[in-house]
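Working through the structure, step by step
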Amino acid sequence: MLNLINQQQLSRYCSNRSGETRLGEAIQLAQPQLNLAEQLAQAKAAGCRFVLLGIPEDIGPRANLGQPGADAAWQAFLTKFLNLQSNSFIRAADMLLLGNILCDDLQQSAQNADVHQLRQLVETLDSRVSAVAEAIFAAGLLPVVIGGGHNNSYPLLKALATVSGHSANSANLDPHSDFRPLEGRHSGNGFSYAQHAGYLQHYFVLGLHELKNSAATLAQLQQAGAEYCSYQRIFVRQELSYQQALEQCIDFVVQGQGDIGIELDTDSISLMPVSAFTNCGVSVQAAEQFVYQLAKLPRSRYLHLAEAAPAQHPAGLAAGSNEAGQVLAALVYAFVQGKQDQATAL
């Protein structure tokens, strides 16, 4: 289920410079001779807190009749993040670069698949993601999950609820609620499937676009007891500030005993190369604040960055990889910073 990254693969991403230490030069790598539980235990014993995990797939968005390209986000992230400096602000030794969920066979099967077949492939992917995520949570580590569609919110919430023994809570920065009907798995119904299965309790969508969610979906959200604060309410009608909306989100997801998943659909960010492009979204800085403030919560247990699709950039894959990689790296750093500051959080 896993493609582990070894030293030779790592060297392809890193550009070394004399007198400097890049994250890629000091980050922990998995030991292939050990099973997954042993790898994670060894990493934790060595001081690791965070596990970087990629999901290079675009089956979920395509199963939702969306655009392809989310399979390239993981590599775009690695190229930028691993070349950042390891210094007093971030310690590479705190992170295990585990690798990515094995998706090649599923991507191959998806090439000429119809919608029904794509949704069956998403179910197979669900089982792979949940198994690996459960092992990470059970080891007491914090997964940072990059790439793929927002369909992967379901197996992450399933794994978190299974290991913790309580239904999870989730904060999602997203113009879409991804609470579509239970019509077969895809990127638009990860949260509705999680709520239906009992894995998700308190769910808040920040920045929901009022006209990008169907009446049926909004009604389903209400029936499930979920809440949201719309993009229009914050930025157009200015009924409250972004910070006030973010505080509403935090107040809602800290209810009960459940651990918290931090979900960010990069579709929410203006001009980001994604599967559902928008120029009417939040800034990168606002997205970083969302991640940082949620990460400070002691019960927040993972970060999931979904839907970045570098090939959807108007200037092509290379430009999209550069832009997406920088944004994804910045958001991961915001999560690490938040966890570093967790002890001072209210």
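Our structure is the block above this text.
Residues numbered from 1 in each chain as written. Predicted model: local features only at pLDDT ≥ 70, side-chain atom pairs only at ≥ 80, totals over all residues. Heavy atoms only, no water.

1. Considerations on the pairing of strand β10 (residues 300-306)
Walk down a regular strand and you will see the side chains alternate between the two sheet faces. The element β10 is extensively covered by neighbouring structure, given that seven of its seven residues are classed as buried. Pairing geometry for strand β5 (residues 142-146) and β10, over three bridges, is parallel. For V144, the partnering residue across the bridge sits in β10 and is L303. Examined bridge by bridge, strand β9 (residues 260-265) and β10 share six bridges and lie parallel to one another. Its bridge partner being in β10, L264 is matched across the sheet by L305. This β-α-β element, β9 to helix α13 (residues 284-295) to β10, shows right-handed connectivity. (Buried < 20%, exposed > 50% of the residue type's maximum accessible area, 1.4 Å probe, protein only. Helix = DSSP H or I, 4+ residues; strand = E, 2+ residues; numbered from the N terminus. Pairing = 2+ DSSP bridges. Right-handed = clockwise from strand over helix to strand, strands pointing away.)

2. Structural notes on the packing of helix α5 (residues 73-81) against helix α14 (residues 317-340)
Direction vectors running N to C along α5 and α14 enclose 70°, while the axes themselves pass 7 Å from each other. When the interaxial angle is binned, α5 and α14 end up roughly perpendicular. Contacts from A73, A76, F77, K80 and F81 in α5 reach S321, N322, G325, Q326, L328, A329 and V332 in α14. (Axes fitted to C-alpha atoms, helices over the stretch in contact; angles between N-to-C directions. Parallel < 35°, antiparallel > 145°, perpendicular 65-115°, else oblique. Contact = heavy atoms within 4.5 Å.)

3. Side note on the nonpolar core
Ranked by internal contacts, the top residues of the largest apolar core, which has 63 residues, are F77, F81, L97, L206, F290 and L294. Per-element tally for this core: the top contributor is α14, with nine residues. Those residues in contact with F77, other than ones at most four positions away along the chain, are L52, I146, G325, L328, A329 and V332. If you look at the next biggest cluster of nonpolar residues, it comprises 45 residues, including I59, A110, A113 and A168. (Core = buried A, V, L, I, M, F, W, Y, C linked by side-chain atoms within 4.5 Å.)

4. Section: the packing of aromatic side chains
Tallied over the full model, the rule gives eleven aromatic pairs. Where F179 meets Y203, the ring centres are 5.9 Å apart and the plane angle is 15°; that geometry is what we call stacked. Separated by 24 residues along the polypeptide, F179 in the loop between β6 (168-173) and α9 (190-196) and Y203 in strand β7 (residues 200-208) bring together distant segments of the chain. Comparing F179 with Y203 shows no difference in burial state: the two are buried. (Phe/Tyr/Trp six-rings, centres within 6.5 Å; stacked < 30°, edge-to-face > 60°.)

5. Things to note about empty space enclosed by the protein
Here the structure, examined in full by the defined rule, presents one cavity of 30 Å³ or more. Taken as a whole, the largest cavity spans an internal volume of roughly 80 Å³. Surrounding the largest cavity, P175, G207, H209, K212, Y231, D267, S268, T278, C280, G281 and V282 form its lining. Of the residues assigned to the lining of the largest cavity, the class counts are four nonpolar, five polar and two charged. (1 Å grid on protein atoms, 1.4 Å probe; cavity = no way out; pocket = protein on both sides within 12 Å on 5 of 7 lines; lining within 4 Å. Points joined across faces, edges and corners; volume = space filled by probe spheres on them. Nonpolar A, V, L, I, M, F, W, Y, C, P; charged D, E, K, R; others polar.)

6. Concerning the pattern of salt bridges
The full count for this structure, using the stated rule, is nine salt bridges. Between R185 and D126 there is a salt bridge, and its shortest N-O distance comes to 2.8 Å. Linking R185 in the loop between β6 and α9 with D126 in helix α7 (residues 115-138), this pair joins segments that are 59 residues apart in sequence. Judged by its relative accessible area of 2%, R185 is buried. Overall, D126 belongs to the buried group, its relative accessible area being 6%. A salt bridge links R233 to E239; the nearest nitrogen and oxygen atoms lie 3.0 Å apart. Look at the salt bridges and you will find they share partners, linking E210, R233, R237 and E239 into a network. (Salt bridge = Lys/Arg side-chain N within 4 Å of Asp/Glu carboxyl O.)

7. Considerations on unusual backbone geometry
For D178, which is not glycine, the phi torsion reads 50° and is therefore positive. Examined against the element boundaries, D178 turns out to sit in the loop between β6 and α9. Overall, D178 belongs to the buried group, its relative accessible area being 7%. Although it is not a glycine, Q238 adopts a positive phi angle of roughly 55°. Mapping Q238 onto the fold places it in the loop between α11 (231-236) and α12 (242-253). Q238 sits in the exposed class, given a relative accessible area of 62%.

8. A word on the packing of α12 against α13
Here α12 crosses α13 at 30°, and the two axes come no closer than 11 Å. The interaxial crossing formed by α12 with α13 has right-handed handedness. Between α12 and α13, the residues in contact are Y242, Q243, L246, C249, I250 and V253 and A286, A287, Q289, F290, Q293 and L294, respectively. Looking at the contact of α12 with α13, its residues break down into nine nonpolar, three polar and no charged. (Left-handed = near helix turned anticlockwise from the far one by under 90°.)

9. A closer look at the environment of L10
Relative to the elements of secondary structure, L10 occurs in helix α1 (residues 7-13). For the pair formed by L10 and S86, sequence separation is 76 residues and the distance between their alpha carbons is 16 Å. Ignoring sequence-local partners within four residues, the contact set of L10 consists of I5, G24, I27, L29, L82 and L97.

10. A few points about α12
The end-to-end C-alpha separation of α12 is 17 Å, in line with the 16 Å expected for twelve residues at 1.5 Å each. Buried within α12 are the following residues: Y242, A245, L246, C249, I250, F252 and V253. In a view along the axis of α12, the buried residues occupy a sector of 165°, so they form one face of it. Elements that come into contact with the buried residues of α12 comprise β6, β7, β8 (227-230), α11, β9 and α13. (Expected span 1.5 Å × (residues − 1). Arc of directions from axis to C-beta.)

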